[in-house]
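The lines below spell out each chain.
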Amino acid sequence: QVQLVESGGGLVQPGGSLRLSCAASGSIFSIGAMAWYLQVPGKERELVARITTGLITTRYADPVKGRVTISSDNAKTTLYLQMNSLQPEDTAVYYCKITSLSLGDYWGKGTLVTVSS
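Report follows, based on the coordinates. Since the structure is predicted, the reported quantities are computational estimates derived from the model, not experimental observations.

A word on the state of the cysteines
- Under the definition given, this model contains 1 disulfide.
- The side chain of Cys 22 participates in a disulfide bridge whose partner is Cys 96; the two sulfur atoms lie 2.0 Å from each other. Disulfide Cys 22-Cys 96: torsion about the S-S bond near 50°, hence right-handed. Taken together, the positions of Cys 22 in strand β3 (residues 18-25) and Cys 96 in strand β9 (residues 92-100) put the pair 74 residues apart, joining distant regions of the chain.
- By relative accessible area, which is 1% here, Cys 22 ends up buried.
- The buried category is assigned to Cys 96, whose relative accessible area is 0%.

So, the layout of surface pockets
- The volume enclosed by the largest pocket comes to roughly 190 Å³.
- Forming the boundary of the largest pocket are 14 residues, of which Leu 38, Glu 46, Pro 63, Glu 89 and Asp 90 lie nearest the centre.
- A total of 3 residues in the lining of the largest pocket trace back to one element, the largest contributor, which is strand β5 (residues 46-52).
- Split into classes, the residues belonging to the lining of the largest pocket amount to 8 nonpolar, 1 polar and 5 charged.

Brief notes about empty space enclosed by the protein
- As enumerated under the stated definition, the model contains 1 cavity of 30 Å³ or more in all.
- Of the pockets and cavities examined, the largest cavity occupies roughly 30 Å³.
- Together, Leu 38, Val 48, Val 64, Arg 67, Val 68, Met 83, Leu 86, Asp 90 and Tyr 94 line the largest cavity.
- For the lining of the largest cavity, the per-class residue count stands at 7 nonpolar, no polar and 2 charged.

Structural notes on the sheet that holds strand β8 (residues 78-83)
- Read across the sheet, 4 strands follow the order β1-β3-β8-β7 without closing on themselves; strand pairing throughout is antiparallel. Sheet topology places β1 (3-7) and β7 (68-72) at the edges, where each strand pairs with a single neighbour. Averaged over all neighbouring strand pairs, the angle between strand axes comes to 15°, with direction disregarded.
- As paired elements, β7 and β8 share 5 bridges and run antiparallel to each other. Across the sheet, Ser 71 pairs through a bridge with Tyr 80, a residue of β8.

A few points about the pairing of strand β10 (residues 104-107)
- Direction of pairing for β9 relative to β10: antiparallel, over a ladder of 4 bridges. Paired with Ile 98 across the bridge in β10 is Tyr 106.
- Linking β9 back to β10 in an antiparallel pair, the connection comprises 3 residues.

Calculation rules
- Residues numbered from 1 in each chain as written.
- Predicted model: local features only at pLDDT ≥ 70, side-chain atom pairs only at ≥ 80, totals over all residues.
- Heavy atoms only, no water.
- Disulfide = S-S within 2.5 Å.
- Helix = DSSP H or I, 4+ residues; strand = E, 2+ residues; numbered from the N terminus.
- Buried < 20%, exposed > 50% of the residue type's maximum accessible area, 1.4 Å probe, protein only.
- 1 Å grid on protein atoms, 1.4 Å probe; cavity = no way out; pocket = protein on both sides within 12 Å on 5 of 7 lines; lining within 4 Å.
- Points joined across faces, edges and corners; volume = space filled by probe spheres on them.
- Nonpolar A, V, L, I, M, F, W, Y, C, P; charged D, E, K, R; others polar.
- Pairing = 2+ DSSP bridges.
- Axes fitted to C-alpha atoms, helices over the stretch in contact; angles between N-to-C directions.

Just geometry here; none of it tells us what the structure is for.
And the structure:
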């Protein structure tokens, strides 16, 4: 059974940094992409960053470009999101998603990031 577990969230002051991790357990075949999303209450989940097969192509949402970096270990068992220069508007629950070309999407349960002084 596949499980994704996010960690690394917490309270950080404006201008600070956090590194989120997403650990995957179980076997996920034919990974097409790995991504981070965020969600704030009352709004739909939004893409933050995405990295495609072979860790070749990355894509970032405009609000975070230049401030976040998505990466993965070579085994594709852990996904990371390095976030710098955090602002209050970055406050959200952050979710990781792994897309299997054969089995669809897997989601974690999220980790809360709160940016506040």
